Amino acid sequence: MGNIRPSFIKIRAIALCEEYPDQFSPNEGEPICNCPPVHKCNDCGEVMVYDENRKLCENSDIDSKCKIMHDCTDCGHKMSYKRNQKKCGKQACESNSFSTPYSKNGFSDCFQPHNNSFDHNKKLVERFTDLVGEDDKLVNKRMRNWIAGYITRYKQRRVD
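All values derive from a computational prediction rather than experimental measurement.

### Quick word on the overall build of the protein chain
Scanning the protein chain for helices and strands turns up three helices and five strands. Start at the N end of the protein chain and walk to the C end: the helices and strands fall as α-β-β-β-β-β-α-α. Each of the 160 residues in the protein chain was classed as buried or not, and the buried ones make up 35%. Counting only contacts in the protein chain whose residues sit at least 6 apart along the sequence, the fraction spanning at least 24 positions is 57%. For the protein chain, the accessible area works out to roughly 10800 Å², and carbon and sulfur atoms hold 47% of it.

### A word on the sheet that holds strand E5 (residues 102-103)
In sheet architecture, strand pairing relies on hydrogen bonds along the backbone and comes in two forms, parallel and antiparallel. Read across the open sheet, the three strands follow the order E4-E3-E5; overall the sheet is antiparallel. Of all strands in the sheet, those bounded by a partner on one side alone are strand E4 (78-80) and E5. Two strands pair when backbone bridges link them, and strand E3 (residues 68-71) and E4 are joined in this way by three bridges, in the antiparallel orientation. Each bridged residue has a counterpart across the sheet, and for Met 69 the counterpart in E4 is Ser 80.

Rules used throughout
Residues numbered from 1 in each chain as written. Predicted model: local features only at pLDDT ≥ 70, side-chain atom pairs only at ≥ 80, totals over all residues. Heavy atoms only, no water. Helix = DSSP H or I, 4+ residues; strand = E, 2+ residues; numbered from the N terminus. Buried < 20%, exposed > 50% of the residue type's maximum accessible area, 1.4 Å probe, protein only. Contact = heavy atoms within 4.5 Å. Areas by Shrake-Rupley, 256 points an atom, 1.4 Å probe, with all protein chains shown as cover. Pairing = 2+ DSSP bridges.

Read these as geometric descriptors, not functional statements.
Encoded structure:
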């Protein structure tokens, strides 16, 4: 483990389990993950919290891979979204009203973001500790994994 004492990892892990008792898995309610379900944009692969009414990707802008579309409200013609579009674009249609923008290929079905308790605990350790710097980048990945591994074993022993 280098210069980090195993007791330091154990102390941090137990403190996190005591401070957030129902967050880390395995727990009584959800055996693997109690995070909200997510889905992916089929165009750019952006993962976001699942919303069954979502029409547009959170990552959509001019530079993204997302294909933003809208429909002409009069003739139903589908076209690429342009912010200040004046006319439909179909020859006979002179309409200037369009539907709200939407992602062309939609989203995947909802799924849980973590498929095992260790991955779930890693994300929670990142969220609840100072292992993430000011720029939201993980500073010490090894420490995070040690703490998450200890929490996973500790919680498993308490459930058994």
